[in-house]
Amino acid sequence: MSDFATTLIAAVGGGLGALCRYVLSHMGRRAPLLATLGVNALGCLILGGLLASTGSVPAGTLILGFTGGFTTFSTFALQTRALGPLPGALNVLASFALCLCALALGGWVVGSFGGSAAPPG
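Fair warning: this is a prediction, and the values are worked out from it, not measured in the lab. (Residues numbered from 1 in each chain as written. Predicted model: local features only at pLDDT ≥ 70, side-chain atom pairs only at ≥ 80, totals over all residues. Heavy atoms only, no water.)

K.L.:
Could you give an account of helix α5 (residues 85–112), with specific residues and numbers?
P.N.:
In an α-helix, one full turn covers 3.6 residues, which means residues spaced three or four apart are oriented alike. In this model α5 runs 40 Å from its N-terminal to its C-terminal C-alpha over 28 residues, within 8% of the 40 Å that 1.5 Å per residue would give. All buried positions along α5 are accounted for by G88, N91, S95, C99, A102, G106 and G107. Tucked inside the fold, the buried residues of α5 contact α2 (32–54) and α4 (73–83). (Helix = DSSP H or I, 4+ residues; strand = E, 2+ residues; numbered from the N terminus. Expected span 1.5 Å × (residues − 1). Buried < 20%, exposed > 50% of the residue type's maximum accessible area, 1.4 Å probe, protein only. Contact = heavy atoms within 4.5 Å.)

Dropping the structure here:
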């Protein structure tokens, strides 16, 4: 596949991810911090499942574009800053722990259905 085609596929994935992120944020507008946490964890869950099923996710793919557009580190940073020092630190710890667990869970779920659970190379 050409570099242009790979870039175009990643851009389409990023656009779809951003659209899904917007829809879920709108649905969770009463609890924006939880919506952001949920989106980031779901993105990690999706990526973990893909890593387990394929063994790796090549840079520039539709899925990597999607999860990159879907997850929301900039929103997370802004919301964390607004919380203040102690609640912000707790948000960082909760997000980090939940997203690592979601990544592992996605890999385990897909791996248990016959995917290769090999970590990316």
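K.L.:
Tell me about the side chain of N91, and please be specific about residues and values.
P.N.:
Its place among the elements puts N91 in helix α5. Of note is the side chain of N91, whose polar atom sits 2.7 Å from the side chain of T80. In this structure N91 touches L33, F76, T80 and L83, once residues within four positions along its chain are discounted. (Polar contact = N/O pair within 3.5 Å; in protein donor to acceptor, adjacent residues only side chain to side chain.)

K.L.:
For the confidence of the model for the protein chain, give the residues involved together with the corresponding values.
P.N.:
Any residue range with low pLDDT should be treated as having predicted coordinates unsuitable for detailed reading. Averaged over all residues, the pLDDT of the protein chain equals 85, while 89% of them reach at least 70. By mean pLDDT, α4 is the weakest element of the protein chain at 84, and α5 is the strongest at 93. (pLDDT = per-residue confidence, 0-100.)

K.L.:
Please provide a residue-by-residue account of the packing of aromatic side chains, values included.
P.N.:
Within this structure, the stated rule accounts for 2 aromatic pairs. On the numbers, 5.4 Å between centres and 15° between planes, the contact of F66 with F70 is stacked. One end of the pair, F66, and the other, F70, are both in helix α3 (residues 62–70), 4 residues apart, so they sit about a helical turn from each other. Like F70, F66 is buried. A centroid spacing of 5.4 Å and a plane angle of 45° characterise the contact between F73 and F76, whose relative ring orientation is tilted. (Phe/Tyr/Trp six-rings, centres within 6.5 Å; stacked < 30°, edge-to-face > 60°.)

K.L.:
Break down α4 for me, with residues and values.
P.N.:
Along α4, the residues classified as buried are F76, Q79 and T80. Down the axis of α4, the buried side of the element spans an arc of 100°, and every buried residue falls inside it. Pointing more than 90 degrees away from the buried face of α4 are the exposed residues S74, L78, R81 and A82. Next to the buried residues of α4 lie α2 and α5. At the C-terminal side of α4, G84 shows a positive phi close to 95°. (Arc of directions from axis to C-beta.)

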